[in-house]
Amino acid sequence: MIQLLYTVIFAEMALILTLLFKTPLRKLVIMALDRVKRGRGPVVVKTVGGTLLVVLVSSLYSMMKIQRRTVEAGVVNPTDQVLMSKHMLEASLMGFVLFLSLMIDRLHHYIRELRLLRKTMEAAKKQSRGIDEGKNGSAEEVKGLKEEIATLRTKVKKLENEYETKDKEAKTAEAEAEALKKQSEGLLLEYDRLLADNQSLRSQLESIDHSLSNSDGKKNT
């Protein structure tokens, strides 16, 4: 148990040194920690940490029992003294393991935050550079837009003049059409009047012819 705890402590110390200094292994360690914190990794880590905490509490409880027994007996038992030293060493090592684990977790968290902050700062710098370049190019764009607006205004004015000319022509044509319509209506009325007169004259002629034919018939008799 003690040898295992020493092995874990040395491994954690090496891991902390790797995270503290920028070496080629640092990126690999960070990637490995990222994978450990995904999926079931956090559950496994919490389970191991909880187990160590329970064993630590058990060792502390055993130490308290040994101390109480020693106080009650009033004599130091060599066996109890050895057990007390063993439990104390195990408790110290387990506490140190938990402390180093917490340090590794915080270091990994802060390194990730620092990386995200650097990426954000780089993106902000690129954006500010793009804005500065856009300002230089926007002056030319504004100038081009002004020229285009002036050209469009000229075209609009020309179209308005053409529209006014066409509108006058249309109104003139409409007036002429109205005059022709009135003239045609007058001609139609005149035609109807002449037609009525013609009909009246025909009726009169027929009446005269009929009278003449009757008078000739009487003479013959």
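This one's a predicted model, so the numbers in the text were calculated from it and none came from an experiment.

The next thing to look at is the packing of aromatic side chains. Applying the stated criterion across every chain, the model contains one aromatic pair. Ring geometry for Y6 versus F10: centroids 6.4 Å apart, planes at 25 degrees, classification stacked. Taken together, the residues Y6 and F10, both in helix α1 (residues 2–20) and four residues apart, mark about one turn of the helix. For Y6, a relative accessible area of 34% puts it in the partly exposed group. On the basis of relative accessibility, which here comes to 56%, the residue F10 falls in the exposed class.

What follows is about the nonpolar core. The biggest cluster of nonpolar side chains holds 20 residues, and the ones touching the most others in it are L5 and L19. Sorting the residues of this core by element identifies α1, α2 (24–36), α3 (41–73) and α4 (78–220) as the ones contributing at least two each. When residues in this core are grouped by element, the largest group, nine residues, is from α4. Sequence-distant contacts of L5, defined by excluding residues within four places in its chain, comprise L52, E90, L93, M94 and V97.

Attention shifts here to the side chain of E12. In this structure, E12 sits in helix α1. If we skip the residues at most four places from it in the chain, E12 touches F96, V97, L100, S101 and I104.

What follows covers α1. Over its 19 residues, α1 runs 27 Å from end to end, which matches the ideal 27 Å to within 8%, given 1.5 Å per residue. Of all the residues in α1, the buried ones are L5, I9, E12, I16, T18 and L19.

Attention now goes to a positive patch on the surface. Taken together, the side chains of K22, K27, R115, R118 and K119 make up a positively charged region of the molecular surface. Sort the elements by how many residues they give to the positive patch and α4 lands first, with three residues. Following the sequence through the fold, K22 ends up in the loop between α1 and α2.

This part covers the confidence of the model for the protein. Here the protein averages 79 in pLDDT, while 90% of its residues score no lower than 70. Per-element confidence in the protein ranges from a low mean pLDDT of 78 for α4 to a high of 82 for α1.

The subject of this paragraph is a nonpolar patch on the surface. Taken together, Y6, F10, M13, L89, F96, F99 and M103 make up a surface patch of nonpolar side chains, about 640 Å² in accessible area. Going through the elements one at a time, α1 and α4 are the ones with two or more residues in the nonpolar patch. Considering every element that reaches the nonpolar patch, the biggest residue donor is α4, with four residues.

Throughout the structure, instances matching the rule amount to three salt bridges. The partner of K86 in a salt bridge is E90, with the nearest N and O atoms 2.7 Å apart. With K86 and E90 both in helix α4, this residue pair falls four residues apart, about one helical turn. Judged by its relative accessible area of 39%, K86 falls in the partly exposed class.

The rules behind the values
- Residues numbered from 1 in each chain as written.
- Predicted model: local features only at pLDDT ≥ 70, side-chain atom pairs only at ≥ 80, totals over all residues.
- Heavy atoms only, no water.
- Phe/Tyr/Trp six-rings, centres within 6.5 Å; stacked < 30°, edge-to-face > 60°.
- Helix = DSSP H or I, 4+ residues; strand = E, 2+ residues; numbered from the N terminus.
- Buried < 20%, exposed > 50% of the residue type's maximum accessible area, 1.4 Å probe, protein only.
- Core = buried A, V, L, I, M, F, W, Y, C linked by side-chain atoms within 4.5 Å.
- Contact = heavy atoms within 4.5 Å.
- Expected span 1.5 Å × (residues − 1).
- Patch = residues over 30% accessible without salt bridge, like charges linked within 9 Å, V, L, I, M, F, W, Y side chains within 5 Å.
- Areas by Shrake-Rupley, 256 points an atom, 1.4 Å probe, with all protein chains shown as cover.
- Salt bridge = Lys/Arg side-chain N within 4 Å of Asp/Glu carboxyl O.
- Lys, Arg positive; Asp, Glu negative; His and termini not counted.
- Charge placed at Lys NZ, Arg CZ, Asp CG, Glu CD.
- pLDDT = per-residue confidence, 0-100.

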